[in-house]
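Chain by chain, the residues:
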Amino acid sequence: MPELPEVESIRQSLIPLIQGKEISALEVLHPDVFENPFNYNLRAAKIERLSRSGKYLQIHLSNGCFLLIHLRMTGKLLYHEELEEIKAHTHLRFTLKDADGKNSYLDYNDVRRFGRVGLYRDKSEVILPGFRALGPDALAADFSSDYLYAQAKRYPKRPIKALLLDQTIVAGLGNIYCDEALFRAGIHPKRASGRISKARIEALFAEIKPLLLESIGLKGTSFSDYVDGLGKKGSFIEKLKVYGKKGEPCPNCGRPLLAEQIAGRTTVFCPRCQR
């Protein structure tokens, strides 16, 4: 957490606020959070565009560098129009200047300090190995039902939940949206990938992209930490059918939802609707 819809919601919220502005200063309060192995200079670089790869946010700069941000569990990017006192757990502050010389501020806040912000010129420089090994983005054209079926056949013994969580196979899916997509497709999360028919894989694929887009439309899922760039929570939590609902009645059949550990993650499912 946050997953693809949450990172995309942050990206969309920040575009009109920071794109085109110049980074005039960076205050690093906790150096372990900021990675700049080649000591590239940020000063006077303009923010040209924001992109996303899976759960990673990229801020592309006019000096040829890009900021790579991995929020991990509790990271936040919070925009402020006016100068505010630095809050607890804020590790970086970017001072931004617009064309009229007015300053605004972008803070990186992270309670658990698992996330990272890096400054690089090329993907090969990135320290985070997970970024270099990313599979196709879950909303990209190269993530298709044929591709997903081929991966299921490539790793036939892996539970389908574990396959979907693997960021080298598909980037952006996490615990929330894997549970929800598998429930909507009627597939048990422990089912071996190689034992799922092509038709069932196609049914699963048909649920994934609409599910993600629906969540993005509601600004993502907020439980305790996730907010967008303006500090606003998402409302997709109201649409969740199984995630986090162990013991509650299945919305389809009424049977109590079960939970098991799969690929190290608590997985909620219906034993009747997902055989």
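You'll find the structure just up there.
First, a word on what this report is: a plain description of the structure on this page. Nothing here was measured: the structure is a model prediction, and the numbers come from that model. (Residues numbered from 1 in each chain as written. Predicted model: local features only at pLDDT ≥ 70, side-chain atom pairs only at ≥ 80, totals over all residues. Heavy atoms only, no water.)

### Some words on the sheet that holds strand S1 (residues 22–28)
Link 1 in the chain: In spatial order, the strands read S2-S9-S5-S4-S3-S1-S7-S8-S6; together these 9 strands make up an open sheet with mixed pairing. Bordering the open sheet on either side are strand S2 (34–35) and strand S6 (75–80), each of which pairs with just one other strand.
Link 2 in the chain: Summarising the sheet, S1 and strand S3 (residues 45–53) pair through 2 bridges and their orientation is antiparallel. Residue pairing across strands places Glu-22 opposite Lys-46, the latter belonging to S3.
Link 3 in the chain: Docked against the sheet, helix H1 (residues 4–18) engages S3, strand S4 (56–61), S6, strand S7 (90–97) and strand S8 (103–110), running at close to 160° with respect to S3. (Pairing = 2+ DSSP bridges. Helix = DSSP H or I, 4+ residues; strand = E, 2+ residues; numbered from the N terminus. Contact = heavy atoms within 4.5 Å. Axes fitted to C-alpha atoms, helices over the stretch in contact; angles between N-to-C directions.)

### A look at the packing of aromatic side chains
To describe a pair of aromatic rings, one takes the distance between the centres and the angle between the planes.
Link 1 in the chain: Inspection of every chain in the model, using the stated rule, returns 6 aromatic pairs.
Link 2 in the chain: Taking the centre distance of 6.1 Å and the plane angle of 50° together, the rings of Phe-66 and Tyr-120 count as tilted. Taken together, the positions of Phe-66 in strand S5 (residues 66–70) and Tyr-120 in strand S9 (residues 116–120) put the pair 54 residues apart, joining distant regions of the chain. Neither residue differs from the other here; Phe-66 and Tyr-120 are each classed as buried.
Link 3 in the chain: Plain terms: the ring middles of Tyr-177 and Phe-236 are 6.0 Å apart, the flat faces sit at 35° to each other, and that makes the pair tilted. (Phe/Tyr/Trp six-rings, centres within 6.5 Å; stacked < 30°, edge-to-face > 60°. Buried < 20%, exposed > 50% of the residue type's maximum accessible area, 1.4 Å probe, protein only.)

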